[in-house]
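# Survey of secondary and tertiary structure
Below are the chains, spelled out letter by letter.
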Amino acid sequence: MDIVIANKSHAIYAQIICDTIAESAKVRGTGIARRTPEYIMTKLENGNAVIALDGDTFAGFCYIEAWGHGKFVANSGLIVHPDYREQGLAKKIKARVFQHSREKFPDSKIFSITTGLAVMKMNSELGYKPVTFSELTDDQSFWKGCQTCKNYDILQRMEQRMCLCTGMLYDPKAKDGNEPKELKTKAFQRLKQIKQTLFLKKDKS
């Protein structure tokens, strides 16, 4: 298995990347913003992505987005093809794209918003910490990217302060805030249940 920084030669995988992201969102029933093949191609061609290949076969992917004139970067679209799941590949891709982000954008804060406990756990192991949305980028182009997520109406109703996603942040300038920590799974599950209950009540009111 090769996990490499993508380039324009990998544009042939843009469609299967999009299809895998869409299928994963459907199966898991979670909010994942959809992306077009054209959008993915720009990430591949600009070297802002990591791709995992088993020979010539697509296995996994994650890309980098810069926001707020480079003050923030996000590692987004982490996906593993169904044929390669349950092998620890997602963790390897996440670590590689995090390393690439640190090298390419050394002064940028790296953030993630996710509903997935597995991603939260990987983030925690890399030194991310949970934060409020107000500590993330205020670049509206980023938040507009959530429009294709099924939970976008919640984000709008909460005036962009909260959603089912949890915000997590790695600050390269933080002296004591980036130590890898064990994710308290039960606490995050409880937080998600509270959010779901809160938003469900709002829908019914």
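One can find the structure itself at the top, above this paragraph.
Attention here is on the structure that accompanies the text. (Residues numbered from 1 in each chain as written. Predicted model: local features only at pLDDT ≥ 70, side-chain atom pairs only at ≥ 80, totals over all residues. Heavy atoms only, no water.)

### Describing the side chain of Thr137
Formally: Numbering goes from the N terminus for both helices and strands, where a helix is a DSSP run of H or I of at least four residues and a strand is a run of E of at least two. Between buried and exposed lies partly exposed: a residue is buried under 20% and exposed over 50% of the maximum accessible area for its type, with that area taken using a 1.4 Å probe on protein chains only. Polar contacts, as counted here, are pairs of nitrogen or oxygen atoms within 3.5 Å of one another; within protein the pair requires one atom able to donate a hydrogen and one able to accept it, and residues that are adjacent in sequence qualify only if both atoms are side-chain atoms. Here, two residues are considered to be in contact whenever any of their heavy atoms come within 4.5 Å of each other.
Position of Thr137 among the secondary structure elements: in the loop between β6 (129-131) and α5 (140-144). Residue class for Thr137 comes out buried when judged on its relative accessible area of 2%. For Thr137, the side chain forms a polar contact with the main-chain nitrogen of Asp139, separated by 3.0 Å. Once you skip the residues sitting within four places of it in the chain, Thr137 turns out to touch Trp67, Gly68, Phe72, Phe111, Phe142 and Trp143.

### Some thoughts on the sheet that holds strand β5 (residues 109-114)
Put simply, the rule reads: When DSSP locates at least two bridges between a pair of strands, those strands are taken to pair. Here an axis means a line fitted to C-alpha atoms, over the contact stretch when the element is a helix, while the angle between two N-to-C directions is reported on a 0 to 180 degree scale.
Here we have 7 strands laid out as an open sheet, ordered β1-β2-β3-β4-β5-β7-β6, and mixed in their pairing. Each edge of the open sheet is held by one strand with a lone partner, namely β1 (2-5) and β6. On average, each strand axis in the sheet is tilted by 25° relative to the strand beside it, whichever way the strands run. Running over the sheet, helix α2 (residues 37-45) touches β2 (49-54) and β3 (57-67) and is turned about 85° from β3. Packed on one face of the sheet, helix α4 (residues 117-126) meets β4 (72-80), β5 and β7 (166-170) and runs near 20° to β7.

### Looking at α4
An α-helical turn contains 3.6 residues, so any two residues separated by three or four positions project in the same direction. Residues of α4 that are buried: Val119, Met120, Met122, Asn123 and Ser124. Downstream of α4 by a residue or two, Gly127 has a phi angle that is positive, lying close to 110°.

### Things to note about the pattern of salt bridges
Pairing is possible between side chains that carry opposite charge, provided their charged atoms lie close to one another. This is how it is decided: What counts as a salt bridge is simple: a side-chain nitrogen of Lys or Arg found within 4 Å of a carboxyl oxygen of Asp or Glu.
Tallying each qualifying case throughout the model produces 5 salt bridges. Residues Arg35 and Glu65 are paired through a salt bridge, measuring 4.0 Å at the closest nitrogen-oxygen approach. Linking Arg35 in the loop between α1 (14-28) and α2 with Glu65 in strand β3, this pair joins segments that are 30 residues apart in sequence. Comparing Arg35 with Glu65 shows no difference in burial state: the two are buried. Taken together, the salt bridges that share partners define one network made up of Lys91, Lys121 and Glu125.

### Section: the packing of aromatic side chains
The criterion, for reference: By convention, a stacked pair of Phe, Tyr or Trp rings (six-membered ring in the case of Trp) has centres within 6.5 Å and planes under 30 degrees apart, an edge-to-face pair has planes over 60 apart, and any other such pair is tilted. Comment: the charge-over-ring label is applied if NZ (Lys) or CZ (Arg) is within 6 Å of the ring centre and within 35 degrees of the ring normal.
Counting across every chain of the model gives 10 aromatic pairs. Between the aromatic rings of Tyr39 and Tyr63, the centroid separation amounts to 5.9 Å while the plane-to-plane angle is 75°, which identifies the pairing as edge-to-face. Of this pair, Tyr39 sits in helix α2 while Tyr63 sits in strand β3, and the two are 24 residues apart along the sequence. A relative accessible area of 2% places Tyr63 in the buried class. Connected via pairs of aromatic rings, a cluster forms that spans Trp67, Phe72, Phe111, Phe133, Phe142 and Trp143. The ring of Tyr39 carries Arg35 above its face, with NZ or CZ at 5.2 Å from the centroid.

### Notes on the packing of helix α3 (residues 89-104) against α4
Condition: Under this scheme an angle from 65 to 115 degrees is roughly perpendicular, one under 35 degrees roughly parallel, and one over 145 degrees roughly antiparallel; angles in between are oblique. The hand of a helix crossing depends on one turn: near helix anticlockwise from the far one by less than a right angle means left-handed, and clockwise means right-handed.
The geometry of α3 relative to α4 is characterised by a closest axis approach of 10 Å and an angle of 45° between their N-to-C directions. Taken together, the axis directions place α3 and α4 in an arrangement best described as oblique. Both α3 and α4 take part in a crossing whose hand is right-handed. Note on element contacts: α4 touches α3 through Val119, Met122, Asn123, Glu125 and Leu126, opposite Ala90, Lys91, Lys94, Ala95 and Phe98.

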